[in-house]
Amino acid sequence: MKKLINRIKRYLFPNRTQLFWRYRRRILYPNRIQKLFKSWYRSRMRKLQDNLNSSIPMTTRVKPFETPHGLCGIFISYGARIGKGCTIFHQVTIGSNTLLGSKNCGSPTIGERVYIGAGAKIIGGITIGNDVRIGANCIVTEDVPANSTVVMAKPRIITYAEPRDNRFLTWDEYAALTK
């Protein structure tokens, strides 16, 4: 009886992370009644993301992932792909690189069962293999093979003779220039 009461409580009063995944599922895969409330779910989802200081796109490319500390500060760019069974801690950025002339333009692709530590940054059109561990506060800008661990090394400073083009391009502008 106690288990049943706890299950009912969790359904009626879920934590914010569970609520996020529930709304997301109802937006992406609505049944007959949920189709009528799709705009309401979207507005609730935006408010929830604003409260959590997170940004997770509404695409099927991002599979549900584990968040031990909630969705606080997690930013995932629009073009990113995340596999099943990933664990992402707080303050993680998985971002696109839309600077023209950069080494790894595009969005990251993350494999299955990847563990991403707190504060990690994964930037650019790179591929992270399956069963990879990325340590806390790592900055990953190169491809990572499967079954490996990434830890932070000493940063390098690279100087250039001519000035760099640091214009910010929106995702649509970047897509139009690369076609």
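Our subject is the structure that appears above.
S.K.: Mind showing me how you'd approach the packing of aromatic side chains here?
M.R.: Think of a pair of aromatic rings as described by two things: how far the centres are apart, and how the planes are tilted against each other in angle. In total, this model carries six aromatic pairs according to the counting rule given. The interplanar angle of 75° and the centroid separation of 5.9 Å between the aromatic rings of Tyr23 and Trp40 together place this pair among those described as edge-to-face. Of this pair, Tyr23 sits in helix α2 (residues 16–28) while Trp40 sits in helix α3 (residues 38–52), placing them 17 residues apart in sequence. Look at Trp40 and you get partly exposed, because its relative accessible area is 42%. For the ring pair Phe89 and Tyr115, a centre distance of 5.2 Å and an interplane angle of 65° mean the geometry is edge-to-face. With Phe89 in the loop between β3 (87–88) and β4 (93–95) and Tyr115 in strand β6 (residues 115–116), this residue pair connects regions lying 26 residues apart in the sequence. By relative accessible area, Phe89 is classed as buried at 13%.

S.K.: Whenever I open this one, the sheet that holds strand β1 (residues 75–76) confuses me. Can you help?
M.R.: The strands making up a sheet associate through hydrogen bonds between their backbones, and the pairing can be parallel or antiparallel. Taken in spatial order, the four strands make up an open sheet running β1-β4-β7-β10, and their pairing is parallel. In this open sheet, the two strands that pair with only one neighbour each are β1 and β10 (139–140). Relative to strand β7 (residues 121–123), β4 runs parallel, the two being bridged by three bridges. Residue pairing for β7: Thr93 is matched across the bridge by Lys121.

S.K.: Looking at this structure, how should I read the sheet that holds strand β8 (residues 127–128)?
M.R.: Taking strand neighbours across the sheet as the criterion, the three strands line up as β2-β5-β8 in an open arrangement whose pairing is parallel. Two strands close off the open sheet at either side, each with one partner strand: β2 (81–82) and β8. Of the pairings in the sheet, the one linking β2 to strand β5 (residues 109–110) comprises two bridges and is parallel in character. Looking at β5, one finds that Ile82 is bridged to Ile110.

What counts, and where the lines are drawn
Residues numbered from 1 in each chain as written. Predicted model: local features only at pLDDT ≥ 70, side-chain atom pairs only at ≥ 80, totals over all residues. Heavy atoms only, no water. Phe/Tyr/Trp six-rings, centres within 6.5 Å; stacked < 30°, edge-to-face > 60°. Helix = DSSP H or I, 4+ residues; strand = E, 2+ residues; numbered from the N terminus. Buried < 20%, exposed > 50% of the residue type's maximum accessible area, 1.4 Å probe, protein only. Pairing = 2+ DSSP bridges.

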